[in-house]
Amino acid sequence: MDNFSINNIRKEFLEFYKNKGHLTEQSFSLVPKNDKSLLLIGAGMAPMKKYFTGAETPPSKRMATCQKCVRTGDIDNVGITARHLTFFEMLGNFSFGDYFKVEAITWAWEFLTEKLKVDKDKLWVTVFYEDEEALKIWNEKIGLPLHRIVKLGKEDNFWELEVGPSGPCSEIYYDLGEERGCNSPDCKPGCDCSRYIEIWNLVFTQFDKDEQGVYHPLPNPNIDTGAGLERVATALQGKETVFDVEPLRSVVRKAEELSNVVYGKNKKNDTAMKIICDHSRAATFLIGDGVIPSNEGRGYVLRRLIRRAIRQGKSIGIKKEFLCETVQVVIDQWNNAYPELKEKENYILKIVKLEEERFKITIDQGLELLNKEIEKLNESGTSNFDGNVAFKLYDTYGFPVELTEEILNENNIKLNKSEFSRIMEEHRIMAREARKGTGSSGWKNEDFNIDVPKTEFTGYNDLENDSKILSIIVDGEETNNIEKTQSGYIILDKTPFYAESGGQIGDTGKLISDSVELKVLNTKKYNQDIFIHEVEVLNGKVSIGDNVKSLIDVDKRKNTAKNHTCTHILHRVLKNLLGDHVSQAGSYVTDERLRFDYTHFEGVDSALIKEVERKVNEAILQDYIVKTDVLSLEEAKQTGATALFDEKYGDSVRVVSIESFSKELCGGTHIDQTAKIGMFKIVSEGSIASGIRRVEAVTGRAAINYFNELNNLIDDLSISMKSTKDDLLNRVNILKKETKEKDKEIQKLNNEILKSSMGQILDQYEEINGMKLFLIKLKDKDANALRDMADKIKDKNESCIILLASELDGKVLFVSSVSKDLNSKGILAGNIVKEAAMVAGGGGGGRPDFAQAGGKNPEKINEALESVKKLIASI
């Protein structure tokens, strides 16, 4: 049985194809690289799409991988069917215009029957009904009897897109035995019963389909094969489901232990444990590849998987936070094949813990609200669930809409999807409007259609060189020349200009000759290896084929290099002080400043920020030598160089070493000694997203300018406060003390006024569904006064909901307070102020029992109070 274990099949597959001349690669990241058409990698060939289309040259004409994949299209079938998974491993061998059908078929058969010792009599195959070539190979070369070769149609055995590469495929099936069949004498692959399981698909990409649907033979056809690792192991081990195969069974066993529920005794409980197993595995690998839970894109996929697993845990009686324990099993069981899981263990567990803690706060209240709504619908005899409530569950309680829909389906209730989508779109439009003006410009590959050799970059060693113009683009069209007053893009045969990448801005400078001067405004990349120079012609005219001298802005390059080297120092210091879970999550390096995003899940206090700053400056003053080596990827890994989560590196990489202090894979430009940075000053540090923090800093001259500005500010403050610099802090503290005493006096007067009017305020309520609703409009009351008033009202009343609105300085303040007994019924102060603030053009939030918000439009106070009244009446 060990021969058919997941770990052994994976190892044997890669070794087998390596011996057949294939480059065997580590799995590509689940996050697609330079492919915006995919959210996540869902097939073995997906990361190599550009090799198949010819957009990029593969590192070898023969490749083999065991690729991590995530697909959520069939998520509802996970745990219900025997073989559906959201995360799976796909074995695949690929030929880019090298070998074809004979080798693909022969080697697949050899691997299964000779390497794994699979019983030949258990194997069947299907072929496309017109593919006589494949049929002949299987029958005459392999020796498979014709009755075990099944011809199927286009729907089953032909792979194609609307336009582009396409071709027939041949699938290998494993016979699980008559007892799994339908007892039909004609039972064979293609039958709807579960006797035959497909274990390997061989795709022969031999045609190029045009827009008229005509198939043109490709001069160099390709091979793309895929075998689901878990499915292969399940079939060969004779197990009922993929969850009965180790190491998946280990994760299920952990779910049994946590719930005290025995697997195999109850179908509903089994389904829950299988879902926990699958989603724990998917979440582990997604986080390991840098995905973080969010409400957008791949982060939303991760959040949905985690929260769906948590809900299944509750359904089988797991009351505590448990997901870190199942994720730990995944890390322990899969880290030999995927060492990055062990390297990022603390990081992965911390994200899972944080997400589970967040959902724990709202899941019970959300489920209570959902169950109440289901009860109402059952009592009324209707089965259409309000999209507004679904959105509230999503927005307030963190329920992915798919989770809501899943629970509704279990109760034979339909979600009003169109209504939910409409409300969701309204909120997205509001968010887009709020973000207007914050976009960044960039060039898209589709803006150009360029056919030139790749650019030779000389800028690591040279700051200028002689270049030849290969292409000129004006207004999106290639042209022969460009002249004074025109702007466009120029491609050179070689260039010292660094093209924007790796977070570092592109170089600027000049292109000159005897009669010509062009200003280079920016440099970027097209298709990874062609450098495009954005230019403005200051004098003269240039044409394709002309020679020019390329001169970069040296000062700008040097300052940018200082900042880039400093990001490496900062990265190492953050790891040293905060922990190994810290990883770079993004950066932006210019000549003026640096921005560094990093993974961390807690606030960083000012004392620690100062220590980071001190340690970075200490490293700068050590005057470390900065050295760059070009190594093979394997050699670079052996040196211990840090690589980035989402980067896919080529065969050769640049390793930037700051003596023994730091070592990273990096294609950017750097200084040669750290002392040349001068000094380092953090300008700001804070959270920018869940689990991601950002440092913004300046170095060198920019740091000196920053300190000069601070000094000028202190001078101005000293004059304004009529104080010396040395006595400035003392003077501020005296003023603060005087202000505090005056505030106390004002507060005392306000309290006396409030006391005299409190009797009248306590009568200003409406009773709705047995609850007292206080909606009170006030003037010139600050947040403290509103808070005191809300507390006094709540002290005198039970089962009450309070919303106070005050017009102050041309804006509006809202304070809401809700008694604890109503909190347990799902009525939350945060929702109430959010509703009011939305009407008044603002926002806010807080605890279930107390919250406050602000708004820009005080004229909307009455409308806001009325909106809250309707909200409460609908509960």
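Our subject is the structure listed above.
Just so it is clear, the model here is predicted, and its values are computed rather than measured.

J.: Would you mind going over the overall build of the chain with me for this structure?
T.: A tally of helices and strands in the chain yields 24 helices and 35 strands. When contacts within the chain are restricted to residue pairs at least 6 apart in sequence, long-range pairs at least 24 apart make up 67% of them. By element, 46% of the accessible surface of the chain is carried by carbon and sulfur atoms, the whole surface being about 42000 Å². Taking the average location of the 121 positive side-chain charges in the chain and that of its 139 negative ones, the two points are 4 Å from each other.

J.: Mind showing me how you'd approach the pairing of strand S34 (residues 843-846) here?
T.: The two faces of a sheet get side chains in turn, since along a regular strand they alternate between them. Bridging between S34 and strand S35 (residues 850-855) involves four bridges; their strand directions are antiparallel. Its bridge partner lying in S35, Gly844 is registered against Ala853. Between S34 and S35, which pair antiparallel in sequence order, lie three residues.

J.: I tried to follow the sheet that holds strand S23 (residues 584-589) on my own but got confused; where do I start?
T.: Neighbouring strands of a sheet are bound in pairs by backbone hydrogen bonds; such pairs are parallel or else antiparallel. In space, the four strands of this open sheet follow the order S23-S24-S29-S28, with antiparallel pairing throughout. Either end of the sheet is taken by a strand with one partner, and the two such strands are S23 and strand S28 (680-689). Going across the sheet, the axis of each strand differs from the next one's by a mean of 15°, ignoring polarity. Note that strand S24 (residues 594-599) and strand S29 (residues 692-699) share six bridges and pair antiparallel. Residue pairing for S29: Asp597 is matched across the bridge by Arg694.

J.: Please explain the side chain of Ser817 as it appears in this structure.
T.: With respect to the secondary-structure elements, Ser817 resides in strand S33 (residues 811-818). In this structure the side chain of Ser817 is engaged in a polar contact, spanning 3.3 Å, whose partner is the backbone oxygen of Asp849. With residues up to four places along the chain from it excluded, the contact list for Ser817 reads Ala790, Lys794, Cys800, Ile801, Ile802, Asp849 and Phe850.

J.: I would appreciate a short explanation of a nonpolar patch on the surface in the present structure.
T.: On the surface, Phe707, Leu710, Leu713 and Leu717 cluster together into a nonpolar patch covering about 330 Å² of accessible area. Position of Leu717 relative to the elements: it lies in helix H19 (residues 700-720). A relative accessible area of 38% places Leu717 in the partly exposed class.

J.: Before we go on, may I ask you to explain the sheet that holds strand S31 (residues 771-779) in this structure?
T.: Taken in spatial order, the six strands of this open sheet run S30-S31-S32-S33-S35-S34, and their pairing is mixed. Two strands lie at the open edges of the sheet, namely strand S30 (766-768) and S34, each paired on one side alone. Pairs of neighbouring strands in the sheet enclose a mean axial angle of 15°, with direction left out of account. Pairing analysis gives three bridges linking S30 to S31, with the strands arranged antiparallel. Residue pairing in the sheet places Ile768 in a bridge with Met771 of S31. Lying on the sheet, helix H24 (residues 861-873) is in contact with S30, S31, strand S32 (800-808) and S33; it crosses S31 at an angle near 170°.

J.: In this structure, what is going on with the side chain of His22? I would like to understand it.
T.: Mapped onto the fold, His22 is located in the loop between helix H1 (6-19) and strand S1 (23-25). Using a relative accessible area of 4% as the deciding quantity, one classes His22 as buried. Looking at His22, its side chain comes within polar contact range of the main-chain oxygen of Lys20, at 3.4 Å. A distance of 2.7 Å separates the side chain of His22 from the side chain of Tyr99, its partner in a polar contact. If we skip the residues at most four places from it in the chain, His22 touches Tyr17, Arg62, Met63, Ala64, Asn93, Phe94, Tyr99 and Trp107.

J.: Sorry, what's going on with the packing of H1 against helix H3 (residues 101-115) here?
T.: For any two helices packed against each other, the geometry is given by the interaxial angle and the distance between the axes. The contact between H1 and H3 brings their axes to 11 Å, and the two run at 130°. Here H1 lies oblique to H3, going by the angle between them. Considering the relative orientation of H1 and H3, their crossing is right-handed. Two secondary-structure elements touch here, H1 through Ile9, Glu12, Phe13, Phe16 and Tyr17 and H3 through Trp107, Ala108, Glu110, Phe111 and Lys115. Looking at the contact of H1 with H3 residue by residue, the class counts come to seven nonpolar, no polar and three charged.

J.: Looking at this structure, how should I read unusual backbone geometry?
T.: Leaving glycine out, the prevailing phi sign among residues is negative, and the prevailing peptide bond configuration is trans. Pro247 follows Glu246 through a cis peptide bond whose omega is 5°. As for its position among the elements, Pro247 is in the loop between helix H6 (229-237) and helix H7 (248-259). With a phi angle near 55°, Asp475 is a residue other than glycine that sits in the positive phi range. When you line up the elements, Asp475 lands in the loop between strand S13 (464-474) and strand S14 (477-479). Of the residues examined, Asp475 reaches a relative accessible area of 75% and is grouped as exposed. The phi torsion at Lys722 lies on the positive side, around 55°, for a residue other than glycine. For Lys722, the position within the fold is in the loop between H19 and helix H20 (728-762). When its relative accessible area of 78% is taken as the criterion, Lys722 is described as exposed.

J.: Would you mind going over the pairing of S23 with me for this structure?
T.: Bridge count between S23 and S24: five bridges; the pairing is antiparallel. The residue of S24 that forms the bridge with Ser587 is Phe596. Count of turn residues in the S23/S24 antiparallel hairpin: four residues.

J.: What is the right way to look at the packing of H7 against helix H10 (residues 323-334) in this model?
T.: Two elements in contact, H7 and H10, have axes whose closest approach is 9 Å; the angle formed by their N-to-C orientations is 155°. With respect to H10, the element H7 is oriented roughly antiparallel. Relative to H10, the crossing made by H7 is right-handed. Residues Leu248, Ser250, Val251, Lys254 and Leu258 of H7 form the contact with H10, whose participating residues are Glu325, Thr326, Val329, Val330, Gln333 and Trp334.

J.: Explain the nonpolar core here, please?
T.: Note on soluble globular proteins: their nonpolar side chains tend to be buried together. Core analysis: the biggest nonpolar cluster contains 129 residues, and Trp138, Ile199, Trp200, Phe385 and Phe399 have the highest contact counts within it. Residues Leu570, Val626, Cys666 and Ile671 belong to the second largest nonpolar core, which totals 29 residues.

J.: Which parts of the structure should I look at to understand H24?
T.: Every α-helical turn comprises 3.6 residues, leaving residues that sit three or four positions apart pointing alike. Relative to the 18 Å expected for 13 residues at 1.5 Å per residue, H24 spans 18 Å between its end C-alpha atoms, a close match to the ideal helical length. Turning to H24, its buried residues number three or more, namely Ile861, Ala864, Leu865, Ser867, Val868 and Ile872. The buried residues of H24 occupy one face: seen down the axis, they fall within an arc of 160°. Next to the buried residues of H24 lie S30, S31, S32, S33 and helix H23 (829-839).

Reading guide: rules and limits
- Along every chain, residues carry numbers that run from 1 in the direction the sequence is written.
- With the structure being a predicted model, the display of local features is reserved for residues of pLDDT at least 70 and the display and counting of side-chain atom pairs for 80 or more, all residues being used for whole-chain, interface and lining totals.
- Excluded from the side-chain calculations are hydrogens and water; all other atoms, namely the structure's heavy atoms, are used.
- Here a strand is any run of E in DSSP of at least two residues, a helix any run of H or I of at least four, and the numbering for each starts at the N terminus.
- Should any heavy atoms of two residues lie within 4.5 Å, those residues are considered in contact.
- The protein chains shown are the only cover counted for residues, whose accessible areas, like all others here, come from Shrake-Rupley with a 1.4 Å probe.
- In summary, the charge assignment counts Lys and Arg as positive and Asp and Glu as negative, without counting His or the chain termini.
- Charge coordinates come from a single atom per side chain, which is NZ of Lys, CZ of Arg, CG of Asp or CD of Glu.
- The rule for pairing is simple: two strands pair if DSSP sees at least two bridges between them.
- Note on definitions: angles span 0 to 180 degrees between N-to-C directions of axes, and those axes are lines fitted to C-alpha atoms, for helices only across the stretch in contact.
- Pairs of N or O atoms are called polar contacts if they sit within 3.5 Å, as long as, within protein, a hydrogen donor faces a hydrogen acceptor (for residues adjacent in sequence, only side-chain-to-side-chain pairs).
- Patches draw on residues past 30% relative accessible area with no salt bridge. Two like charges within 9 Å are joined, as are two nonpolar side chains (Val, Leu, Ile, Met, Phe, Trp, Tyr) within 5 Å.
- Note on definitions: salt bridges are taken to be side-chain nitrogens of Lys or Arg within 4 Å of carboxyl oxygens of Asp or Glu.
- Categorising residues by exposure relies on relative accessible area from a 1.4 Å probe, with only protein chains included: less than 20% of the type maximum marks a residue as buried, more than 50% marks it as exposed, and the intermediate range marks it as partly exposed.
- Here the angle decides the label: under 35 degrees means roughly parallel, over 145 means roughly antiparallel, 65 to 115 means roughly perpendicular, and every other value means oblique.
- Throughout, a crossing is termed right-handed when the near helix is turned clockwise from the far one, and left-handed when it is turned anticlockwise from it by less than a right angle.
- Each residue is assigned to one class: nonpolar for Ala, Val, Leu, Ile, Met, Phe, Trp, Tyr, Cys and Pro, charged for Asp, Glu, Lys and Arg, and polar for all the others, Gly among them.
- Nonpolar cores were defined as sets of buried Ala, Val, Leu, Ile, Met, Phe, Trp, Tyr and Cys residues, with membership established by side-chain atoms within 4.5 Å.
- Helices are assigned an expected span. That span is 1.5 Å times one less than the residue count.
- Here the arc refers to the set of directions running from the helix axis out to each C-beta atom.

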